[in-house]
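Reading the structure
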Amino acid sequence: MRVTVLGRHGPFPTAGGACSGYLVEAAGIHLLLDCGAGILGRLASYVTPEKLTGLMLSHLHSDHISDLFVLRYALEVAHIHDRRHDPLPLWVPPEPKEEFERLSYRDVFSIQVPSVGRPIHFGPLTATPFAVQHSIPTFGWRITDGSRTLVYSADTEYCEDLVSWAHEADLFLCEATFTQIRLTQGGRNHLTAEQAGQIARAAGVKRLLLTHLSPVENIGTVLAEARREFPEAQLAEEEQTYLL
Ligand SMILES: [Zn+2]
């Protein structure tokens, strides 16, 4: 299994950067986790959009979904040109309702609501959604090929369940939006880098990549705070592929 970081920023990108999007691949399967601002052009460097096997949107905030509204044109054109015939399976929380209702477009998506703990099978990969704690319904994902496991936290504040869902992951892609000072200033709905490190350590993960990096934070401070709890923590690097 391999994971490519297409974008690592939230809630908006830095110069030249992109928001959340992660391509997970194994044995001809191409899954996209989130579809935020700026990832679609990068995706095309790895796989043409019509070759996607499935798309999971962790939640319906724009920094995770905005490129979906362009992806739908790529899929529509693929249908017209006979390069794809099936709708793209899309798993997405059903709320907020007004955002959910904007997703459907000319049968290019087959929209489904994930059930917590119910695995979805794609060839050798099994993807299981789990609920995290954000301002709107949000799902993280645990994806395994039977021997190696990727866990994606999505956007969340500290929640105990995340420790068990991340248990012994080979790669834990965890959001680290805040530095510690933001919590004391009342920051909610996201993790600090230090909390990401705490969760990684408690879960016994093998590798921690910090993502959903905020342009208003110093990423050197983000990394240093995570390393207080998990010394091997790294920043997720855009357009880098990680082998599991
Ligand atoms: Zn976000």
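This report concerns the structure included in the present document. The structure presented is a predicted model; accordingly, all values stated were derived computationally and were not measured. (Residues numbered from 1 in each chain as written. Predicted model: local features only at pLDDT ≥ 70, side-chain atom pairs only at ≥ 80, totals over all residues. Heavy atoms only, no water.)

Let us now look at the overall build of the protein chain. The secondary structure content of the protein chain amounts to eight helices and 14 strands. The C-alpha atoms of the protein chain give 17 Å as radius of gyration, which agrees with the globular expectation for 244 residues (18 Å, within 12%). When the backbone C-alpha atoms are referred to their principal axes, the protein chain occupies close to 55 × 35 × 30 Å. For the protein chain, the residues scored as buried account for 57% of the 244 residues in total. Looking at the protein chain as shown, the accessible area adds up to about 10000 Å², and 49% of this sits on carbon and sulfur atoms. In the protein chain, the 20 positive side-chain charges and the 29 negative ones have mean positions that sit 3 Å from each other. (Helix = DSSP H or I, 4+ residues; strand = E, 2+ residues; numbered from the N terminus. Rg over C-alpha atoms; globule rule 2.2 N^0.38 Å. Buried < 20%, exposed > 50% of the residue type's maximum accessible area, 1.4 Å probe, protein only. Areas by Shrake-Rupley, 256 points an atom, 1.4 Å probe, with all protein chains shown as cover. Lys, Arg positive; Asp, Glu negative; His and termini not counted. Charge placed at Lys NZ, Arg CZ, Asp CG, Glu CD.)

Counted by the stated rule, this structure contains 13 salt bridges. One salt bridge connects E25 with R2, and the closest N-O pair in it is separated by 3.4 Å. With E25 in strand β2 (residues 21-26) and R2 in strand β1 (residues 2-7), this residue pair connects regions lying 23 residues apart in the sequence. With relative accessibility at 4%, the residue E25 sits in the buried group. Residue R2 is classed as partly exposed on the basis of its relative accessible area, which comes to 35%. Here E229 ties to R201 by a salt bridge, and the two come within 2.4 Å at their closest N and O atoms. Of this pair, E229 sits in helix α8 (residues 219-229) while R201 is found in helix α7 (residues 193-203), placing the two residues 28 residues apart along the sequence. Residue class for E229 comes out buried when judged on its relative accessible area of 16%. Salt bridges linked by common partners bring R42, E238 and E239 together as one network. (Salt bridge = Lys/Arg side-chain N within 4 Å of Asp/Glu carboxyl O.)

A separate point is the coordination of the zinc ion. Each donor-metal-donor angle would ideally measure 109.5 degrees in four-coordinate tetrahedral geometry, or 90 or 180 degrees in six-coordinate octahedral geometry. For the zinc ion, the full set of protein donor atoms is D63 (OD), H64 (NE2), D155 (OD) and H212 (NE2), and the range of their distances to it is 2.1 to 2.2 Å. Considering all four donor atoms around the zinc ion, the spread of angles at the metal, 88 to 174 degrees, places the coordination shape in the irregular class. Donor residues for the zinc ion sit on one chain with the sequence pattern D-H-x90-D-x56-H. Pair noted here: H64 is in helix α2 (residues 62-65) and H212 is in the loop between β12 (208-211) and α8, with a separation of 148 residues, a long-range link. (Donors = N, O, S within 2.8 Å, 3.2 Å for Na, K, Ca; no water. Tetrahedral: all angles 85-135°; square planar, octahedral: opposite > 155°, others 65-115°.)

Let us now look at the pairing of β12. The two faces of β12 match: L208 and L210 on one face and L209 and T211 on the other face are all buried. Where strand β11 (residues 171-175) and β12 come together, four bridges link them in parallel fashion. Its bridge partner being in β12, E175 is matched across the sheet by T211. As judged from the two bridges shared by β12 and strand β13 (residues 234-235), these two strands associate in the parallel manner. What sits directly across from L209, in β13, is Q234. (Pairing = 2+ DSSP bridges.)

What follows concerns the environment of D63. Among the secondary structure elements, D63 is positioned in helix α2. By relative accessible area, D63 is classed as buried at 9%. Each C-alpha atom, one on D63 and one on Q198, is 25 Å from the other, the two residues being 135 residues apart in sequence. Here D63 is in contact with G10, P11, C19, S20, G36, A37, D155 and H212, once residues within four sequence places are set aside. Among the polar contacts listed, one links the side chain of D63 to the side chain of H212, at a separation of 3.1 Å. (Contact = heavy atoms within 4.5 Å. Polar contact = N/O pair within 3.5 Å; in protein donor to acceptor, adjacent residues only side chain to side chain.)

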